[in-house]
Amino acid sequence: VYLAPSLPLQEDFVYHWKAITHYYIETSDDKAPVTDTNIPSHLEQMLDILTQEEGERESGETGPCMEYLLHHKILETLYTLGKADCPPGMKQQVLSFYTKLLAHIRQPLLPHINVHRPVQKLVRLCGEVLAAPTENEEIQFLCIVCAKLKQDPYLVNFFLEVGNVLFWDGVKGNALAPDTGQSPVEEQSERQEEPQAAAAASIPSPTNNNNNSNNNYNLVTSLLNLTKSPDGRIVVKACEGLMLLVSLPEPAAAKCLTENTELCELLTDRLVSFYKALPQSMDPLDIETVESVNWGLDVYNLKEDAAVFTGKRALISFLSWLDYCDQLIKEAHKSAAAVMAKAVRERFFVSVMEPQLMQTSEVGILTSTALLNRIIKQVTSEALLQEMVYFLLGEEREPETPASITQNPLRHRLIEHCDHLSDEISIMTLRLFEQLIQKPNQHILHSLALRSLEERNYLENKPQEEREPLENGQPHDAVDLEEDPLFGDDLSPDSRLSGSDWLSSSPPQSPDNSKSDGKTEVHKIVNSFLCLVPDEAKSSYHVEGTGYDTYLRDAHRQFRDYCGVCQRWDWRGNPKPFEKCNLDFPFFEGHFLKVLFDRMGRILDQPYDVNLQVTAVLSKLSLLPHPHLHEYLLDPYISLAPGCRSLFSVIVRVVGDLMLRIHRIPDFTPKLLLVRKRLLGLEPEGINIDHVTLLEGVIVLEEFCKELAAIAFVKYHAAASSSP
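As recorded by UniProt, the Sequence similarities (unreviewed entry) comment attached to the chain reads in full: "Belongs to the FHIP family."

Here it is in structure tokens:
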């Protein structure tokens, strides 16, 4: 049975459209606001009809009302009326109509020339005027366009203009521009096939022509304008729209984004202005403890913030925008991410932060270092982290020499600040490096430590077979405290470590660590660290809960975390074979390890908080699963080349110095115990104790040796269980 097509919906649709056009023909008063007319109601009815029509048909099938809208270029006409804003308020109505049409209709409309052309033109009208009465409708419209592009990324090519020609039309040799004379249905179906075909082909870059001034990505430009709105909600929506656009996988769009819009400038200019609004000096603790920020949820109470600390509001604004830049770069197409990250490096880090970090004012150095530390903590996108690391440490890969350490002035200055006259600056900078070496970036560790250890030229230059065999499980040239000049005959006999003391208090030996795998057995290494501090200088066994086992638990957890971070860096299990190492050039531990070892060597003479921070950085380095770091920092039995030092040899010197000093301090052990209890809060602060810096240093030294023993044990265990 042949059924005649039902026309009532289409008749209805045409009726409402004609009612709108007749208004313009018949009315003489174009000053009355649109809300006093029937236009909004007619537009609403048209939308309802289109939605109803789609609901009644097969998926993807175009009905007669939609065909009418497309064929009669209704959106073009509406755009013209909206642009003229006639009658007043019409722009708002048009934006709203476009938004609802794109949101409610499921079939793809944007591929049609009579949709994407007027949509692109309407996009240009958005964000033109700051704080315009239509801002709300503008942002809703732009965001629905972005959402549609996120669903079908190839459609973005309709929104790139090259020399004022729509990029897509240029690609198609203007195939979409002429009126084809086809029926709307044929035209529509063909339109939908074309973009996919072209998207599959490689799309020429929209910026091939030399003069880029006419190249536009109006969608981005309009959103950027709306990020300057005084209304916070509009700003957040505009930022969300940009987040969608930067993540589109189309290379042409990514190129246009960074070359033909002001996105990079806006990101960096705003970062700079927020940074410059911060007070010149702030308490590092405030900077560190201000709550974590999320760019879209920057809610605040000015009065409340000011009561907490001066500059809190400014700090949250800065950190929120930094978070936005970081997330944007993380989401962005790889090529766009690289360009944006470089812009942040050049326009913010180099131009603004570097002078702050290089200044001589101690207050200024402290504040800017604390801010940098917070920035490092917050950055998670790979591209921005990489640029920040290159900014801080330089891009050099070759081993350092004592002469080359000054070639990168900022890196040199930051490492020098780890040993600054101001303890506060030293602590803050050491914390910065502690934060840095925990970031998932291989260049950080290479720059600070690994490049100096690559050739293992800290080892004595003798091939393996020429070395003497082990005596009692130790190499003949292992550090022997009794032969060390610092442990010489001028000490009283009972203050020296005898060979048996050296291996006492061993952790219980399990079958796992008793077998030798060519390395010195782990229990000997563990004991080397545990027995370094002489008994009379130990105080932890007098106090509950300060045993070696607590360090084992921490080391196990931290080592597991580090292995997760370093997994993709191909740090193979064994050190570089000795015969392949270049042992001819003299070993230099590198600027960073030099400063850490120098500070470690002064542990008995510097403040408790400095010591805690120095040992924290060294233990983090020791935890890293790189065979050379492990050997250099955690193997007491390596044969060091003449004039070289390792972490163990530095500690041995400190212990020698300590044993000379112990005998000059009456009641050394009771005083030591009292200081430990005070540090733990088990004793009230009472009378002053002399030599308190030394005593606190001894306590840190004892704890650090236990920590190193635990790390060595955990790493050995992990290696033993993972080897076949």
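Student: Got a minute to help me understand the packing of aromatic side chains in this structure?
Tutor: A ring pair, where both rings are aromatic, is described by two values, the distance of the centres and the angle of the planes. Scanning the model with the defined rule gives 17 aromatic pairs in all. For the pair Tyr23 and Tyr24, a centre-to-centre distance of 5.3 Å together with 90° between the ring planes defines the contact as edge-to-face. Overall, Tyr23 belongs to the buried group, its relative accessible area being 18%. Of the residues examined, Tyr24 reaches a relative accessible area of 23% and is grouped as partly exposed. Seen in terms of ring centroids, Phe433 and Phe592 are 4.8 Å apart; in terms of plane orientation they differ by 40°. Their pairing is tilted. Of this pair, Phe433 sits in helix H21 (residues 423–436) while Phe592 is found in helix H27 (residues 591–601), placing the two residues 159 residues apart along the sequence. Exposure class is identical for Phe433 and Phe592. Each is buried. A cation sits over an aromatic face here: Arg270 above Trp321, 4.8 Å from the ring centre.

Student: Can you help me understand unusual backbone geometry in this one?
Tutor: Of all residues except glycine, most have a negative phi; of all peptide bonds, most are trans. The linkage connecting Cys86 with the following residue, Pro87, adopts the cis geometry, with an omega of -10°. Checked against the element boundaries, Pro87 lands in the loop between helix H4 (74–84) and helix H5 (90–104). Unlike most non-glycine residues, Arg456 shows phi in positive territory, near 50°. By relative accessible area, which is 9% here, Arg456 ends up buried. One non-glycine residue with positive phi stands out, namely Asp667, at about 55°. Here Asp667 is to be found in the loop between helix H30 (647–662) and helix H31 (668–679).

Student: How do you make sense of the pattern of salt bridges when you look at a structure like this?
Tutor: Pairing between side chains of opposite charge can happen when their charged atoms approach one another. For the structure shown, the criterion picks out 31 salt bridges. A salt bridge links Lys342 to Glu387, with the nearest nitrogen and oxygen atoms 3.4 Å apart. Here Lys342 is found in helix H17 (residues 334–358), whereas its partner Glu387 is found in helix H19 (residues 382–393), with 45 residues between them in sequence. Using a relative accessible area of 42% as the deciding quantity, one classes Lys342 as partly exposed. Judged by its relative accessible area of 7%, Glu387 falls in the buried class. For Arg678, the salt bridge identified is with Glu685, shortest N-O distance 4.0 Å. One network of salt bridges, in which partners are shared, links Lys342, Arg345, Glu387 and Glu395.

About the thresholds
Numbers given to residues run from 1 along each chain, matching the order in which its sequence is written. Given that this is a predicted model, residues contribute local features only at a pLDDT of at least 70 and side-chain atom pairs are listed and counted only at 80 or more, while totals for whole chains, interfaces and linings are drawn from all residues. Processing note: side-chain calculations cover all non-hydrogen atoms of the structure and skip hydrogens and water entirely. UniProt positions are given in the numbering used here, feature names are shortened, and annotations may be inferred rather than shown by experiment. For Phe, Tyr and Trp, where Trp contributes only its six-membered ring, two rings pair if their centres lie within 6.5 Å, and the inter-plane angle classes them as stacked under 30 degrees, edge-to-face over 60, or tilted in between. Burial status follows relative accessibility: with a 1.4 Å probe on protein chains alone, a residue under 20% of its type maximum counts as buried, one over 50% as exposed, and anything between as partly exposed. Put simply, DSSP H or I for four residues or longer makes a helix, DSSP E for two residues or longer makes a strand, and each gets a number counted from the N terminus. Cation placement over rings: the criterion is NZ of Lys or CZ of Arg within 6 Å of the ring centroid and within 35° of the ring normal. What makes a salt bridge here is a side-chain nitrogen of Lys or Arg within 4 Å of a carboxyl oxygen of Asp or Glu, nothing more.

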